[in-house]
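If you want the building blocks of each chain, they are given just below.
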Amino acid sequence: MTAFEASAPGKIILFGEHAVVYGQPAIAVPLPAVRATAVVKPGTMTGSLVIVAANLARTLVIRHEPDRNEHALAVAVRKFLALTGQSIPSLQVTLHSTIPVASGLGSGAAVTTAVLRALSLATQHPLTSETLNELVYEVERLHHGTPSGIDNTVVVFEKPVYFVRGKPIETFSVGQPVHLVVADTGVSSATHLAVGDVRKLHTAEPERIGAVTDAIGEIVREARAAFADGDASGLGELARRNQVHLQSLTVSSPELEHLIAVAEEHGAFGAKLSGGGRGGNMIAFVPPDLVSGVCGALQANGAARVIHTTIS
Ligand code: PMV
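Residues numbered from 1 in each chain as written. Predicted model: local features only at pLDDT ≥ 70, side-chain atom pairs only at ≥ 80, totals over all residues. Heavy atoms only, no water.

## Observations concerning helix α7 (residues 232-248)
Working step 1: The first and last C-alpha atoms of α7 sit 25 Å apart over 17 residues, in line with the 24 Å expected at 1.5 Å per residue.
Working step 2: Among the residues making up α7, those that are buried are A232, G234, L235, G236, L238, A239, N242, Q243 and L246.
Working step 3: Packed against the buried residues of α7 are β1 (4-15), β7 (178-184), α6 (206-229), α8 (254-265), β8 (270-273) and β9 (281-285).
Working step 4: A positive backbone phi angle near 65° is found at T250, which sits one or two residues after α7. (Helix = DSSP H or I, 4+ residues; strand = E, 2+ residues; numbered from the N terminus. Expected span 1.5 Å × (residues − 1). Buried < 20%, exposed > 50% of the residue type's maximum accessible area, 1.4 Å probe, protein only. Contact = heavy atoms within 4.5 Å.)

## Quick word on the site of the ligand
Working step 1: Near the ligand, the surroundings consist of 15 residues, among which K11, H18, S148, T191 and G276 are the closest.
Working step 2: Between an oxygen atom of the ligand and a main-chain N or O atom of H18, the distance comes to 2.9 Å.
Working step 3: At 3.0 Å from an oxygen atom of the ligand is found a main-chain nitrogen or oxygen belonging to G104.
Working step 4: Here the ligand loses 96% of its free accessible area of 380 Å² to cover by the protein chains.
Working step 5: When grouped by side-chain class, the residues that make up the shell around the ligand number 6 nonpolar, 6 polar and 3 charged. (Near = heavy atom within 4 Å. Polar contact = N/O pair within 3.5 Å; in protein donor to acceptor, adjacent residues only side chain to side chain. Areas by Shrake-Rupley, 256 points an atom, 1.4 Å probe, with all protein chains shown as cover. Nonpolar A, V, L, I, M, F, W, Y, C, P; charged D, E, K, R; others polar.)

## Examining the nonpolar core
Working step 1: L14, F15, F227, M282 and L298 are the most contacted members of the largest nonpolar core, which has 96 residues in total.
Working step 2: The leading source of residues in this core is helix α2 (residues 107-122), at 9 residues.
Working step 3: Apart from residues no more than four positions distant in its own chain, L14 is found in contact with I27, A28, V29, L180, F227, K272, I283 and I311.
Working step 4: The next biggest cluster of nonpolar side chains, apart from the first, holds 9 residues, and it includes I13, V20, A26 and F163. (Core = buried A, V, L, I, M, F, W, Y, C linked by side-chain atoms within 4.5 Å.)

## As for the environment of L273
Working step 1: With respect to the element layout, L273 can be found in strand β8.
Working step 2: Given the relative accessible area of 0%, L273 is considered buried.
Working step 3: Spatially, the C-alpha atoms of L273 and A239 are 8.8 Å apart, while their sequence positions differ by 34 residues.

## Examining the pattern of salt bridges
Working step 1: Scanning all chains against the criterion turns up 12 salt bridges.
Working step 2: Residue K272 pairs with E17 through a salt bridge whose shortest N-O separation is 2.9 Å. Placement of K272 in strand β8 and of E17 in the loop between β1 and β2 (26-42) is noted, with a sequence separation of 255 residues between them. The exposure classification of K272 matches that of E17, with both residues buried.
Working step 3: K200 is the salt-bridge partner of D197, the closest N and O atoms lying 3.6 Å from each other. One end of the pair is D197 and the other is K200, both in helix α5 (residues 191-204) and 3 residues apart, which spans about a single turn.
Working step 4: When salt bridges that share partners are traced, they join D197, K200 and R278 into one network. (Salt bridge = Lys/Arg side-chain N within 4 Å of Asp/Glu carboxyl O.)

Right under this line is the structure:
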């Protein structure tokens, strides 16, 4: 048997995080600059599937009998094997990922996607993207409780999405390339905690928080139109408005606010946090001629990693 390899990109939410959990639309794009890659080879332990997560210095051994408190990745593999009617194959999966964990870039969804795709190739049990998407969503639920499904959708289909929970996938058009700078606070943050706190706020103050999520939904609809027009400055303005609402949902942080201010002071049209918040990444819509200046300023002001990407 030769080696089988598959990979999946990171993702970044541009508009609508948190409100998307309550039925509002959100916009997200793949971030191909960071990826998870899985390589499957014959294993050395009969009846066991071994996953070596190279950069996490972690090894999972999946045997016939499930362990108590199994790792989500092991759960994903068992679901795939059950779905395709297989027993545990003697294989070794080596996983490499350049997607930072717990920072809102879809690391969990990408790792699961890469592993299941590589296993489906190696075991010759084809998986459609639709089925894979459902499997990855089930695993996301173990991490996040009530995820909207946006992460797995962008990562599995690897295309920009205008996403509404429970609705068929829609993409959106981009009239002119839009430059985006993504900067990591270096603070890891568990999305399910932020989502849980927003849920508590929503239960305590349904009218006020409902108005905030409605306002975010309106921003997302305007952003879709601004993308169609290739209006980067309009998108920046919408990012600023979206960020104010995210602050009232209590999901920003001093580190995010600092990087957002740095980007805007150096000429970004506008910036906001991305994903669950409280840490993780911020994004800035930047005029093309100011991209290198904004990237340099973010690096000089404490960003743990800066990525420039173009949405087209
Ligand atoms: O932190 P991330 O990038 O996994 O994004 C979470 C996005 C939320 O809207 C906050 C939650 C969700 O399930 O959509």
